[in-house]
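# Observations on the three-dimensional arrangement
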Amino acid sequence: MIRDIFVFEATGFDPYENLATEKCLMDRVLPGQCILYLWQNQNTVVIGRNQNAFKECRISLLEEDGVRLARRLSGGGAVFHDKGNLNFTFLLPRADFDISRQSEVILRACRAFGIPAELSGRNDLTALGHKFSGSAFYKSGSRAYHHGTLLLHADLERMGRYFSPPKAKLE
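I will try to describe carefully the structure that is included in this document. (Residues numbered from 1 in each chain as written. Predicted model: local features only at pLDDT ≥ 70, side-chain atom pairs only at ≥ 80, totals over all residues. Heavy atoms only, no water.)

## A closer look at the overall build of the protein
Scanning the protein for helices and strands turns up 6 helices and 10 strands. For 171 residues, the compact-globule estimate of 2.2 N^0.38 gives 16 Å, and the protein sits close to it at 16 Å. Across the 171 residues in the protein, those meeting the buried criterion constitute 43%. Long-range pairs, those at least 24 residues apart, make up 70% of the contacts in the protein with a sequence separation of at least 6. Total accessible area on the protein stands at roughly 9700 Å², and carbon and sulfur atoms take up 54% of it. Of the charged side chains in the protein, 22 are positive and 19 negative, and the gap between their average positions amounts to 6 Å. (Helix = DSSP H or I, 4+ residues; strand = E, 2+ residues; numbered from the N terminus. Rg over C-alpha atoms; globule rule 2.2 N^0.38 Å. Buried < 20%, exposed > 50% of the residue type's maximum accessible area, 1.4 Å probe, protein only. Contact = heavy atoms within 4.5 Å. Areas by Shrake-Rupley, 256 points an atom, 1.4 Å probe, with all protein chains shown as cover. Lys, Arg positive; Asp, Glu negative; His and termini not counted. Charge placed at Lys NZ, Arg CZ, Asp CG, Glu CD.)

## Focus on the sheet that holds strand 9 (residues 130–140)
Pairing within the open sheet is mixed, and its 7 strands lie in the order 1-2-6-10-9-8-7. Across the chains shown, the open sheet's two edge strands, defined by having one partner strand only, are strand 1 (4–9) and strand 7 (117–120). Taking the axes of each pair of neighbouring strands and ignoring which way they run, one obtains an average angle of 20° across the sheet. Here strand 1 pairs with strand 2 (residues 33–39) via 6 bridges, running parallel. Residue pairing for strand 2: glutamate 9 is matched across the bridge by leucine 38. Sheet contacts for helix 1 (residues 15–28): strand 1, strand 2, strand 6 (85–93), strand 9 and strand 10 (143–151); angle to strand 2, the most-contacted strand, approximately 175°. Each of strand 6, strand 7, strand 8 (124–127), strand 9 and strand 10 is contacted by helix 4 (residues 99–112), which is oriented at about 155° to strand 7, the strand it contacts most. (Pairing = 2+ DSSP bridges. Axes fitted to C-alpha atoms, helices over the stretch in contact; angles between N-to-C directions.)

## With respect to the nonpolar core
In this structure, Phe88, Phe90, Ile106 and Phe132 are the most contacted members of the largest nonpolar core, which totals 15 residues. Contributions of two or more residues to this core are made by strand 2, strand 6, helix 4, strand 8 and strand 10. The residues contacting phenylalanine 90, other than those within four sequence positions of it, are Cys34, Ile35, Leu36, Gln102, Val105, Ile106, Ala144, Tyr145 and His146. (Core = buried A, V, L, I, M, F, W, Y, C linked by side-chain atoms within 4.5 Å.)

## Examining unusual backbone geometry
You will see that asparagine 43, though not glycine, has its phi angle at about 45°, which is positive. Position of asparagine 43 relative to the elements: it lies in the loop between strand 2 and strand 3 (44–47). For leucine 128, which is not glycine, the phi dihedral falls at a positive 55°. Structurally, the position occupied by leucine 128 is in the loop between strand 8 and strand 9.

Written out as structure tokens, the structure reads:
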């Protein structure tokens, strides 16, 4: 049972530092605790642990535009991060991990700002039928995390520019 909730906000936009901080927080969360980590990356494509960057991304464009490429511990698809989105991570003991409860926290926060947010599909959040957040998960030993990206003012053109998804995925 969660007794203590902590909020940790990153101060920088470096994806490698932010992902390392996420891992560090996970390694330190204690029984009865939940840490909500809020962070942003600047101009970064983040891929899941099982993705092949050469198949998913247009590597030459990333290099040309100075966009960083980072790999996270969780699975899931490739995402583009810029200062127009906010990343969240719930870090907690595995026994207290509850995707629906964690998603409800994000939904309630969105609704408090007047966004008619809903849970859709497996792990997506939508507003007025448009996806604005996806989630991924990671469990290790007695700890787990649930993280996702909230699209606030993301550059949608750049978001699509760096990916080369399989044809079947687009269909």
